[in-house]
Amino acid sequence: MIDNMKFRFKIFLIIISVLLANSELFSQGGSNYSIFGIGDIYNSSGSFYEGLGGSTAAVPSRSAINLKNPALWGLVDKTRLQVGYNFNQRISIAENSTLFQNNGKVNSILGLFAIDSALGLSVSFGMYPYSSVDYMIDSPIQILIDDVLIEGKTSFTGKGGISLAYIGASSKLANNLWVGASVFGLFGNSKTTIVTQFYEASYHSSASYKQDFFNGLGFRGGLYYQAAYNYGFGAFVETVPSFSVESNIRYQSVMVADTNFKFNDKYDMAPALGVGANYASGIFMFTADAQMQDFSGFKYNTGANTKFRKNLSFSLGVQRMGSGRYSASLFDKSSYNFGIGYKQLYYSFRGTDINELWASFGMELPIVNNLLIDYSLVLGTRGTTDNGLVRELFGKLTIDLNIGELWFVPYRR
């Protein structure tokens, strides 16, 4: 038994080491709106919760590893390894054009040790994307010089993002109260290129290249209260007291020699808060969730036409819970999730607020010997075509492979 545990733990470490050496796996994806701030910020935590519209704060599960409320780790009954993959399809609609984009990537790798289910004692660790940057925008230029119209364009491209690595634990304080906490590190980088070129050969082009390296430390704490068999309430708080950016900038032009700058800055990031509730009736569970983080005082990557504000999200979900009976059919053993959500994104541009609306479906499918496949499909819309902006239609398919085993046998008390 001990040899098997050591072998599996070595496998965990090997996978983590490979992913740490290839952190870009976790920092791709996004949309043209990821040009603002630190890019698209992920609010959910895996396929199981994506299927519920993103509800996470008060949704217990015996298998899925929750990345928002660490108190819910104490309700996972087996040691588990979870690996996720994400595929995105996006349609960007402007006034006179339509662009199709898609990408896929490894989304997360998570581990959880269920040390003592009676005490709700669990330890979890893992790595997953915190934000993503991926945009490519062309803006036309028209300049009138001595009654001559000079035309050209400025191209903006950016790639990268921030990843999060964490470790934490949960415990059961009373018969119906669980608490948990974790510490995490933020790391990653983004590369930005701005190129201005004129169509007339007599006018010179110019370019600037910027690479930002992110690092930070944070803390997340949560609690979950099971008021009765039918009701549950959860909450979490996340704070990042230290967030810094190292920037390297290079300007390039035919007329001027290359110019290089390097500087460091620290930024204040407001705490993130989340609350949620669930109600169970028969084989159905209903969930509601709200999350908030105020970016109105955030100063990184601001622009003259950009205003930061509160990042708000609301979601509702319904789960048809699977049966635990051995003799049940595969249909009855599977869980089915449905959800809807709304997000007020943390920026507005040219006085236009950017918001997001989506609907989701998910399924938890048991395969064999505690092997589960979770998948979810999210369809939604973001932004608007007003004020020369872009409306995005998106579809997101997330697949999680979840393997569980009983490593720690409870003893008699």
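Residues numbered from 1 in each chain as written. Predicted model: local features only at pLDDT ≥ 70, side-chain atom pairs only at ≥ 80, totals over all residues. Heavy atoms only, no water.

Caption draft 1: Representation of the nonpolar core within the structure. Judged by nonpolar contacts, the single largest core of 34 residues is most densely connected at Ile38, Tyr166, Leu186, Phe243, Phe298 and Tyr347. Breaking this core down by element, the ones donating at least two residues are β3 (98-116), β4 (121-145), β5 (148-174), β6 (177-198), β8 (231-253) and β14 (335-349). When residues in this core are grouped by element, the largest group, four residues, is from β14. Not counting residues up to four positions away in its chain, the partners in contact with Ile38 are Tyr130, Ser131, Ser132, Val133, Ile162, Phe243, Met269, Phe298, Tyr300 and Tyr346. (Core = buried A, V, L, I, M, F, W, Y, C linked by side-chain atoms within 4.5 Å. Buried < 20%, exposed > 50% of the residue type's maximum accessible area, 1.4 Å probe, protein only. Helix = DSSP H or I, 4+ residues; strand = E, 2+ residues; numbered from the N terminus. Contact = heavy atoms within 4.5 Å.)

Caption draft 2: View of unusual backbone geometry. Although it is not a glycine, Asn301 sits at a positive phi angle of roughly 55°. Structurally, Asn301 is set in the loop between β11 (284-294) and β12 (306-308). Taking relative accessible area as the criterion, Asn301 reaches 32% and is therefore assigned partly exposed. Located in the positive-phi region is Arg350, a residue other than glycine, with phi close to 55°.

Caption draft 3: Up close: the packing of aromatic side chains. This structure, assessed with the given rule, holds 24 aromatic pairs. Taking the centre distance of 4.8 Å and the plane angle of 45° together, the rings of Phe36 and Tyr347 count as tilted. Of the two residues, Phe36 is situated in the loop between α1 (2-20) and β1 (40-41) and Tyr347 in strand β14; the sequence distance between them amounts to 311 residues. Taken as a pair, Phe36 and Tyr347 share a single burial class, namely buried. Connected via pairs of aromatic rings, a cluster forms that spans Tyr33, Phe36, Phe214, Phe243, Tyr267, Phe295, Phe298, Tyr300, Phe308, Tyr346, Tyr347 and Phe349. (Phe/Tyr/Trp six-rings, centres within 6.5 Å; stacked < 30°, edge-to-face > 60°.)

Caption draft 4: Spotlight on empty space enclosed by the protein. Counted by the stated rule, this structure contains four cavities of 30 Å³ or more. The calculated volume of the largest cavity comes to roughly 680 Å³. Surrounding the largest cavity, 44 residues form its lining, Tyr42, Asn43, Glu50, Lys343 and Lys396 being those nearest its centre. It is strand β2 (residues 79-93) that contributes the most residues to the lining of the largest cavity, five residues altogether. Across the lining of the largest cavity, the residue classes break down as 13 nonpolar, 22 polar and nine charged. In this structure, the second largest cavity encloses a volume near 110 Å³. Considering the residues around the second largest cavity, the lining is formed by 14 residues, among which Asn43, Lys68, Ala272, Gln291 and Gln293 are closest to the centre. For the lining of the second largest cavity, the secondary structure elements donating two or more residues are β8, β10 (269-281), β11 and β13 (310-320). Counting residues per element, the lining of the second largest cavity draws most heavily on β11, at three residues. Within the lining of the second largest cavity, the residues separate by chemical class into seven nonpolar, five polar and two charged. (1 Å grid on protein atoms, 1.4 Å probe; cavity = no way out; pocket = protein on both sides within 12 Å on 5 of 7 lines; lining within 4 Å. Points joined across faces, edges and corners; volume = space filled by probe spheres on them. Nonpolar A, V, L, I, M, F, W, Y, C, P; charged D, E, K, R; others polar.)

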